Amino acid sequence: KRLHKIFCVTIDIDLMATTTTVVVHAKNNVFSRCWFSRGGDDDSKRHETNALLSRQKKRAFMSSHLCGKRGRRGGANDDDVVVKAERRAGSNYADANVPFWKYQGLGNDFILIDNRDEERPKLSPERSALLCDRNFGIGADGVIFAMPSPDAAKFDYKMTIYNSDGSEPEMCGNGIRCLARFVSDVDKDERGKKYNVSTLAGLIVPEVREDGQVAVDMGTPILDVAKVPSTLKNCEKSHEMTVDGEGWLANAVGMGNPHCVVYKKANGEMISDVYGLDLPKIGPIFEKHDTFPAKTNTEFVQVVDRGRVKMRVWERGAGCTLACGTGACATVVAGVIEGHIDRKCVVELPGGPLEIEWRESDDKIIMTGPAEPTFEGTTALGV
């Protein structure tokens, strides 16, 4: 649409829940300010993005959302362009700001929302994905909501998580540690308390210890290949997969979410340097491989000794991250099955170590590691 014969403007705003007016201010043919206001707001409620964006980010915003900028060939130097945009169906807008807290576990970072006063998440998957963007949002590997308990007799609260791409995984090991620490901090609970948390993977029981570490009873691993799910022959041993023309030996392990664990190449050669792998290249291919119909998290493992391994992970829906709790658990399960490591093992991730024990007495996996707050703030749903 041509407006005032100054700019050819295309604006795509899919996160608004009402008619929204966008005002673009130009000076000397350069975008200098941008506001938005909701239907019914007066000018005093306009929010200047100058408070949110540096000039560099602002230009990036304009280049991605305002296409086909044209310079004025003369006349006044200052002009305003007003554009109205209707929201798309599916946005989850409320006329309020939402408080958030930022936590990280070994560099795997999350936006935490206390949502226990509402049955629906305060943020939509689309909005959550935008907030996870490290250039135009808060920046995170995912958004986690502490939700009301679905059954007060069985659970203290429920965990809902959206990945950085807006997808919803069944579980997240680092995420559950951060959530437990978050609820403990918000409720000012005494250290040592255990929580019964409802997840899509079932009951998970984290405990915030005196030293701030969080120990999590992750339950028993899923070693029924159909339930992982995977089309590999079984979970009792590794099987060959061909990825981008190269053969790998992979173990399928379920931790409430699917995992593909790789210690060796198809020729039997152990991975000798996990940091020498081109993870951004092969990770997405593993994630979407037909062998794992629900997609998969993939762990590449280098054995240091029987009590220590180095692991890098490509997470389903999040990509290359600094740590993955369920992936560390799956790594130990596969390593024990293959005879590479002991049941109690330290998994060294790019973000730091996790202690994993696969107990022989009851088949349960105990994961222990840090979860720390970094900052807090509020986010406007309609921005």
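Structure shown above.
Residues numbered from 1 in each chain as written. Predicted model: local features only at pLDDT ≥ 70, side-chain atom pairs only at ≥ 80, totals over all residues. Heavy atoms only, no water.

Section: the overall build of the protein chain
- Regarding its fold elements, the protein chain presents five helices and 23 strands.
- Within the protein chain, the fraction of its 383 residues that count as buried is 50%.
- Summarising the internal contacts of the protein chain: among those between residues at least 6 apart in sequence, 62% fall at separations of at least 24.
- For the protein chain, the exposed area adds up to about 17,700 Å²; of that, 46% sits on carbon and sulfur atoms. (Helix = DSSP H or I, 4+ residues; strand = E, 2+ residues; numbered from the N terminus. Buried < 20%, exposed > 50% of the residue type's maximum accessible area, 1.4 Å probe, protein only. Contact = heavy atoms within 4.5 Å. Areas by Shrake-Rupley, 256 points an atom, 1.4 Å probe, with all protein chains shown as cover.)

Comments concerning the side chain of T326
- Within the secondary structure layout, T326 lies in helix α5 (residues 325-338).
- Apart from residues no more than four positions distant in its own chain, T326 is found in contact with M171, C172, G173, M218, M255, N257 and H259.

Overview of the pairing of strand β12 (residues 202-208)
- Where strand β11 (residues 197-199) meets β12, three bridges bridge the pair, whose relative direction is antiparallel. The partner of T199 across the bridge, within β12, is G202.
- When β12 meets strand β13 (residues 214-217), the two strands line up antiparallel, connected through four bridges. Bridge pairing in β13 links E207 to A215. (Pairing = 2+ DSSP bridges.)

Side note on helix α4 (residues 279-287)
- Where α4 is concerned, the buried positions are L279, I282, G283, F286 and E287. Each buried residue of α4 sits inside an arc of 140° when the element is viewed along its axis, so together they form one side.
- Lining the buried residues of α4 we find β14 (239-243), β15 (246-254), β16 (258-265), β17 (297-305), β18 (308-315) and β19 (319-321). (Arc of directions from axis to C-beta.)

Structural notes on the packing of aromatic side chains
- Evaluation of the coordinates by the stated rule reveals eight aromatic pairs.
- Taking the centre distance of 5.7 Å and the plane angle of 55° together, the rings of Y157 and Y195 count as tilted. Taken together, the positions of Y157 in strand β10 (residues 157-163) and Y195 in the loop between α3 (173-187) and β11 put the pair 38 residues apart, joining distant regions of the chain.
- Here the aromatic rings of F286 and F300 are separated by 5.2 Å at their centres, their planes lie at 85°, and the arrangement is edge-to-face. Residue F286 is found in helix α4, and its partner F300 is found in strand β17; the two are separated by 14 residues along the sequence. For the pair F286 and F300, one class covers both residues: buried.
- By way of ring pairs, the aromatic residues W101, Y103 and F182 are connected into one cluster.
- Seen from the ring of W358, R343 lies directly overhead, with NZ or CZ sitting 4.3 Å from the centre. (Phe/Tyr/Trp six-rings, centres within 6.5 Å; stacked < 30°, edge-to-face > 60°. Lys NZ or Arg CZ within 6 Å of the ring centre and 35° of its normal.)

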